[in-house]
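A structural walkthrough
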Amino acid sequence: MAGEVSFFELGAGDPEQARTFYGGLFGWTFDPGPADGGGFAIGTPNVPGGDAGASPYLFFAVDDMPSAVARVRELGGRVDDIDLGSDEGSVARFGRFQLCHDDQGSPFGLHQPPDPSS
């Protein structure tokens, strides 16, 4: 459903150390992340995650990324011009991501989950 938290980034500087810590604390699983981004894809009981070198980040589910991006701009927000793994393999595995800022500058992300029929 649109607007639910659908993905998170840990933002740990050392992915291996984060893997040991969070795997030991919560029992999360860690699989290799996108080839171009490094880090890990994190398996949790409910919301999937990743570990890149950024700050902790929440991504909210959207059904249609282009429409959601347009709406962010219409409402006075900003959309960052950063490629977050738009190659076919990454999109099929993880979905589409877009970093944004609201009309007051607070960061958040949009996530269009992968098509389950693919």
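You'll find the structure just up there.
Calculation criteria
- Throughout, a residue's number is its position along its own chain's written sequence, starting from 1.
- Only residues with pLDDT of at least 70 are given local features in this predicted model, and only at 80 or more are side-chain atom pairs given and counted; all residues enter the totals for whole chains, interfaces and linings.
- Calculated side-chain values reflect all of the structure's heavy atoms, with hydrogen atoms and water omitted.
- Here a strand is any run of E in DSSP of at least two residues, a helix any run of H or I of at least four, and the numbering for each starts at the N terminus.
- The cut-offs for exposure are 20% and 50% of the maximum accessible area for each residue type, with area from a 1.4 Å probe on protein chains only; residues under the lower value are buried, those over the upper are exposed, and the others partly exposed.
- What makes a patch is a set of residues exposed beyond 30% relative accessible area and free of salt bridges, joined within 9 Å when like-charged and within 5 Å when nonpolar (Val, Leu, Ile, Met, Phe, Trp, Tyr).
- Here, Shrake-Rupley sampling with a 1.4 Å probe gives the accessible areas, and only protein chains in the shown set may cover a residue.
- Any carboxyl oxygen of Asp or Glu that lies within 4 Å of a side-chain nitrogen of Lys or Arg is treated as forming a salt bridge with it.
- The criterion for an aromatic pair is that two Phe, Tyr or Trp rings (for Trp, the six-membered ring) have centres within 6.5 Å, with stacked assigned to planes under 30 degrees apart, edge-to-face to planes over 60 apart and tilted to the rest.
- The definition of a polar contact used here is a pair of N or O atoms within 3.5 Å, where within protein one atom must be able to donate a hydrogen and the other to accept one, and adjacent residues in sequence count solely through side-chain atom pairs.
- We call two residues in contact when some of their heavy atoms are within 4.5 Å.
- For two strands to pair, DSSP has to find at least two bridges joining them.
- Between the N-to-C directions of two axes lies an angle of 0 to 180 degrees, each axis being a line fitted to C-alpha atoms and, for a helix, fitted only over the stretch in contact.

**Describing the side chain of Asp80**
Relative to the helices and strands, Asp80 is located in the loop between β6 (78–79) and α3 (88–94). On the accessibility criterion, Asp80 (18% relative accessible area) is buried.

**A word on a nonpolar patch on the surface**
Among the surface-exposed residues, Phe21, Leu25 and Phe26 lie close enough to one another that they form a single nonpolar patch of about 340 Å² accessible area. Locating Phe21 in the fold gives a position in helix α1 (residues 15–26).

**Side note on the pattern of salt bridges**
Within the structure shown, the criterion is met by three salt bridges. Note that Arg19 is salt-bridged to Glu16, the shortest N-O span being 3.9 Å. Here Arg19 and its partner Glu16 are both found in helix α1, three residues apart, which amounts to about one turn of the helix. On the accessibility criterion, Glu16 (45% relative accessible area) is partly exposed.

**A short note on the packing of aromatic side chains**
If you walk through the whole model with that rule in mind, you get eight aromatic pairs. Measuring from ring centre to ring centre gives 5.8 Å for Phe30 and Phe40, while their planes differ by 90 degrees; the resulting arrangement is edge-to-face. One end of the pair, Phe30, is in strand β2 (residues 29–32); the other, Phe40, is in strand β3 (residues 40–43), with ten residues separating them in the sequence. One exposure class covers both Phe30 and Phe40, and it is buried.

**Digging into the side chain of His101**
Structurally, His101 can be placed in strand β7 (residues 96–101). Given a relative accessible area of 13%, His101 falls into the buried group. Side chain to side chain, His101 and Asp80 meet in a polar contact 3.4 Å long. Once you skip the residues sitting within four places of it in the chain, His101 turns out to touch Val72, Gly77, Arg78, Asp80, Ser106, Pro107 and Phe108.

**A short note on the sheet that holds β3**
Across the sheet, eight strands lie side by side as β2-β3-β4-β1-β5-β8-β7-β6; this open sheet has mixed pairing. In this open sheet, the two strands that pair with only one neighbour each are β2 and β6. Examined bridge by bridge, β7 and strand β8 (residues 107–112) share six bridges and lie antiparallel to one another. In the sheet register, Arg96 faces β8, and the bridge partner there is Gln112. Docked against the sheet, helix α2 (residues 65–74) engages β6, β7 and β8, running at close to 155 degrees with respect to β8.

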